[in-house]
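# Descriptive analysis of the structure
One-letter residues, chain by chain:
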Amino acid sequence: LNNSTSARKHKEFLNESLGQISVFYYKNGKHLWDRIVTGGKELYYKNSNYLYVKKNSEYKIWQTNKVSKLNEEITSIKILNKIDTILGYSCQILEVKSTFYPLTKGRKWLRRFYFNQNNFHINYKYLKKYKTNSQNKIYKLIKTLPLRIYVEIDGVKLDYVATSVERKTLDDSLFNKPVTN
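Just so we're clear, the structure is a prediction, and the values are computed from it rather than from any experiment. (Residues numbered from 1 in each chain as written. Predicted model: local features only at pLDDT ≥ 70, side-chain atom pairs only at ≥ 80, totals over all residues. Heavy atoms only, no water.)

### What about the sheet that holds strand β6 (residues 72-86)?
Our working rule: We treat two strands as partners when DSSP finds at least two bridges between them. Each helix is a run of DSSP H or I of at least 4 residues and each strand a run of E of at least 2, with the numbering of both proceeding from the N terminus. Note on definitions: angles span 0 to 180 degrees between N-to-C directions of axes, and those axes are lines fitted to C-alpha atoms, for helices only across the stretch in contact. Here a residue-residue contact requires only that any non-hydrogen atoms of the pair lie within 4.5 Å.
One open sheet holds the 5 strands; their spatial order is β6-β7-β8-β9-β10, and the pairing between them is antiparallel. The sheet is open, and its two edges are formed by β6 and β10 (156-161), each paired on a single side. Neighbour-to-neighbour, the strand axes of this sheet turn through a mean angle of 15 degrees, independent of strand direction. Sheet analysis places strand β9 (residues 148-153) next to β10, joined by 6 bridges and oriented antiparallel. Counterpart to Ile-149 in the pairing with β10 is Tyr-160. Across the sheet, helix α2 (residues 135-142) is in contact with β6, β7 (89-100) and β8 (108-115); its angle to β8 comes to roughly 30 degrees.

So, in structure tokens, the structure goes:
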């Protein structure tokens, strides 16, 4: 496969698995990412070693992915001297460049997290065991939920942008631990 074919197939896979519309719920260190179109979900509990994953609506049993293991080496992490506005919020931008393990053959990727330090605070300590994709390091720096996450990897660009933010009371049952394999 050449690079453009590989990138196209990777993008098709991501669209099928991630979808293009999703809702992110957060409450007291627990988060649920619900991918509306595909029926996929990810659920995380504060200070956990595992992320619960349901790939799509056809899956009845959720997988557990260990997140306490580092899977990359950060080569650059910095807050850019640039501001962007999302949903009326002035956002700083954290840029993260890294290489996946194994480093000699690892894929390089770029991520940008657009965040407003005055709103949407989270206790980053809840993510101290979430080392996969360096989530523990990233959220320790931004201390808030980002309003946009931009990702480049293997010629594919993903751009998650909040289209609305609602503060509301969430029922604890939304975060019930699922049946796992």
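There is more to say, and it comes next.
### Here we look at the nonpolar core
Grouped burial of nonpolar side chains is what soluble globular proteins tend to show. Spelled out, the test is: Only buried Ala, Val, Leu, Ile, Met, Phe, Trp, Tyr and Cys residues count toward a nonpolar core, and they belong to the same one when joined by side-chain atoms within 4.5 Å. Here the term buried applies to any residue with accessible area under 20% of the maximum for its type, exposed to any over 50%, and partly exposed to those in between, with areas from a 1.4 Å probe on protein chains only.
Counting 23 residues, the largest nonpolar core has Leu-94, Phe-113, Ile-138, Tyr-139 and Ile-142 as its most contacted members. Contributions of two or more residues to this core are made by β4 (50-54), β7, β8 and α2. Discounting chain neighbours no more than four positions away, the residues touching Ile-138 are Leu-94, Val-96, Arg-111, Phe-113 and Asn-133.

### Quick look at the side chain of Glu-42
Along the chain, the position of Glu-42 falls in strand β3 (residues 40-44). By relative accessible area, which is 18% here, Glu-42 ends up buried.

### Quick look at the pattern of salt bridges
If the charged atoms of two oppositely charged side chains come close together, the side chains can form a pair. We apply this condition: Each reported salt bridge corresponds to a side-chain nitrogen of Lys or Arg within 4 Å of a carboxyl oxygen of Asp or Glu.
Overall, the coordinates contain 8 salt bridges when judged by the stated rule. As a salt-bridge pair, Glu-42 and Arg-35 come within 3.8 Å of each other at their nearest N and O atoms. As far as burial versus exposure is concerned, Glu-42 and Arg-35 are alike and both buried. Residues Asp-159 and Arg-148 are paired through a salt bridge, measuring 2.8 Å at the closest nitrogen-oxygen approach. Here the residue Asp-159 occupies a position in strand β10, and Arg-148 occupies one in strand β9, the gap between them amounting to 11 residues. Beyond isolated ion pairs, a larger network of salt bridges with shared partners links Asp-84, Arg-148 and Asp-159.

### Focus: α2
Selection rule: What the arc measures is the spread of directions leading from the helix axis to the C-beta atoms.
For α2, the complete set of buried residues consists of Gln-135, Asn-136, Ile-138, Tyr-139 and Ile-142. Along the axis of α2, the buried positions cluster into a sector of 165 degrees, meaning they face one direction only. A positive backbone phi angle near 55 degrees is found at Lys-143, which sits one or two residues after α2.

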